[in-house]
Amino acid sequence: MKPASRAVHAGRELSARSPLAPDLSQASVHVYTDLDDYDAVARGERPGYYYGRNSNANREMLERAIAELEGAEAGVATASGMAALHGAILALAPKPATIVATRELYGGTAAMLRQDFEPAGYEVNFVDLGDLDAVRRALQGAGLLIAETITNPLCGVPDLEKLGRMARERGVPFVVDNTFATPLLCRPLELGATAVMHSATKYLGGHSDLVAGVIVGDAQTMSVARARSARTGTTLGPFDAWLALRGLRTLDVRMRRHSDNSLALARAMRAMPGVARVYHPIVDGPNRILPDGSGGMMAFDLDGGRDAVQRMMTRFKLVTFAASLGGVETTISYPEITSHRSMSAEERAALGVGPGTVRVSVGIEEAADIVADFSQALSHE
Ligand SMILES: Cc1ncc(COP(=O)(O)O)c(C=O)c1O
């Protein structure tokens, strides 16, 4: 099956008279009448469910679906994207080690590495993944490499294939945050990643109505991550898993529309007043890591900084400000006070994130309406 068809069907096992859409299994616990039966299920020797923190039918369905879409052996669904990344790091680098991470990284990930992993003895080395010599040097003796398919917020696209090869040659596990691209536009495991994580809160769910995360990879690593997630209680609740799977069914049509709309807006925005620079993964030409489009993420720098951003926001008719992304509606975010608020102004400036930087999550409305709204909101700048 092609990825579009997989998104529609992955993760379910239909038989005669089974519901076409999955039932929601909201129970926290299942009853048993036989101690040996319970024992066998709890040991994983017999199929079945016993306690919601350990296993749940909706969660497992979502895990199977994302694993299938990413081409992985198994997956683990967690209560958020951050729980997924935390679980992936501990599964791949269980003891303090040097973590090499992309310099241009989601601020929440950078904060977790600094505030949770460094105090536990890990060393974090932020490098420019475009500088392959620097990456080569950094990987020497490292315990983990972390990259994003499309960086947040400036939409750079590192060469995952070269990074994957370098990491593999040095025996360094490589985890990729594929949140912005989704498995419909990029499958990092095919390019050499060891594991992939998602904030399913974003495009996989797609409707701004759940918080969830998923990691996928080989069965052994995922079994370690699943056991720890159950022990530490980072497992995803049934209804959020149900919603995420429901969202996943339309992922292909949504990603096509997000991709078309973001490209149209990026092109139009270059001629809009006050726009100093536009960031979009493929507006300057195709990228072989993203041959089928890049999704809805883009950014721009507005002359006039925070005041100009505030003026633009008050003029929007369709676009709204919301500190997330990946929903059907077009939203903007302001990294200085949202995704990158844990960084100092100097750190943000070093990344190229300034007071005029606006991140856009381009939705699936009619492209002309999105372009017209930015155009009128910026017409006085
Ligand atoms: C690229 C990326 N990774 C991870 C996360 C964290 O996901 P969550 O909010 O579901 O924990 C986010 C959230 O904005 C993100 O943008």
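Residues numbered from 1 in each chain as written. Predicted model: local features only at pLDDT ≥ 70, side-chain atom pairs only at ≥ 80, totals over all residues. Heavy atoms only, no water.

(A) Just the overall build of the protein chain, in detail. A count of helical and extended segments in the protein chain gives 14 helices and 12 strands. Against the 2.2 N^0.38 benchmark of 21 Å for 381 residues, the protein chain shows a C-alpha radius of gyration of 21 Å, consistent with a compact globule. Dimensions of the protein chain, computed from C-alpha atoms along their principal axes, come out at roughly 75 × 50 × 35 Å. Looking at the protein chain as a whole, 54% of its 381 residues are labelled buried. Counted over contacts in the protein chain with a minimum sequence separation of 6, partners at least 24 positions apart contribute 72%. For the protein chain, the exposed area adds up to about 16,400 Å²; of that, 50% sits on carbon and sulfur atoms. Looking at the protein chain, you have 39 positive and 44 negative side-chain charges, and the mean spots of the two groups are 1 Å apart. (Helix = DSSP H or I, 4+ residues; strand = E, 2+ residues; numbered from the N terminus. Rg over C-alpha atoms; globule rule 2.2 N^0.38 Å. Buried < 20%, exposed > 50% of the residue type's maximum accessible area, 1.4 Å probe, protein only. Contact = heavy atoms within 4.5 Å. Areas by Shrake-Rupley, 256 points an atom, 1.4 Å probe, with all protein chains shown as cover. Lys, Arg positive; Asp, Glu negative; His and termini not counted. Charge placed at Lys NZ, Arg CZ, Asp CG, Glu CD.)

(B) How the structure looks around the packing of aromatic side chains. Scanning all chains against the criterion turns up six aromatic pairs. A ring pair is formed by Phe316 and Phe374, whose centres lie 5.1 Å apart and whose planes are at 75°; its orientation type is edge-to-face. Here the residue Phe316 occupies a position in the loop between α12 (305–315) and β10 (320–321), and Phe374 occupies one in helix α14 (residues 367–378), the gap between them amounting to 58 residues. Taken as a pair, Phe316 and Phe374 share a single burial class, namely buried. (Phe/Tyr/Trp six-rings, centres within 6.5 Å; stacked < 30°, edge-to-face > 60°.)

(C) Region of the structure containing the site of the ligand. Around the ligand sit 13 residues in total, of which Gly81, Met82, Asp177, Ser199 and Thr201 are the nearest. Taking Met82, its main chain carries an N or O atom lying 2.9 Å from an oxygen atom of the ligand. A distance of 3.0 Å separates an oxygen atom of the ligand from a polar side-chain atom of Lys202. Here the ligand has 390 Å² of accessible area as a free molecule, and 90% of this is covered by the chains. (Near = heavy atom within 4 Å. Polar contact = N/O pair within 3.5 Å; in protein donor to acceptor, adjacent residues only side chain to side chain.)

(D) Structural context of the domain arrangement of the protein chain. Parsing the protein chain into structural domains produces domain 1 (3–17 + 56–248) and domain 2 (252–378). Look at where the C-alpha atoms of domain 1 and domain 2 centre, and you get two points 24 Å apart. With 38 residues of domain 1 in contact, the opposing surface of domain 2 contributes 40 residues. Between domain 1 and domain 2, a total of about 3,000 Å² is buried, with carbon and sulfur atoms accounting for 61% of that surface. The tally of links between domain 1 and domain 2 comes to three salt bridges. Note that Arg288 is salt-bridged to Asp159, the shortest N-O span being 2.4 Å. Applying the counting rule to domain 1 against domain 2 returns 15 residue pairs in polar contact (both at pLDDT 80 or more). Every element with two or more residues in the side of domain 1 that touches domain 2 is listed here: α5 (107–117), α7 (160–169), α8 (182–185) and α10 (238–248). Ranked by the residues each element gives to the side of domain 1 that touches domain 2, the list is headed by α5, at five residues. Looking at the side of domain 1 that touches domain 2 residue by residue, the class counts come to 21 nonpolar, 11 polar and six charged. (Domains from an automatic or database assignment. Buried area = accessible area lost by both parts, 1.4 Å probe. Salt bridge = Lys/Arg side-chain N within 4 Å of Asp/Glu carboxyl O. Nonpolar A, V, L, I, M, F, W, Y, C, P; charged D, E, K, R; others polar.)

(E) A look at the pairing of strand β7 (residues 213–217). Most of β7 is tucked away, with five of its five residues classed as buried. Burial along β7 is two-sided: Gly213, Ile215 and Gly217 facing one way and Val214 and Val216 facing the other are all buried. Inspection of the sheet shows strand β1 (residues 74–78) paired to β7 by five bridges, in the antiparallel sense. Within β7, the residue paired with Ala77 across the bridge is Val214. Where strand β6 (residues 195–199) meets β7, four bridges bridge the pair, whose relative direction is antiparallel. Bridge assignment links Ser199 to a residue of β7, and that residue is Gly213. (Pairing = 2+ DSSP bridges.)

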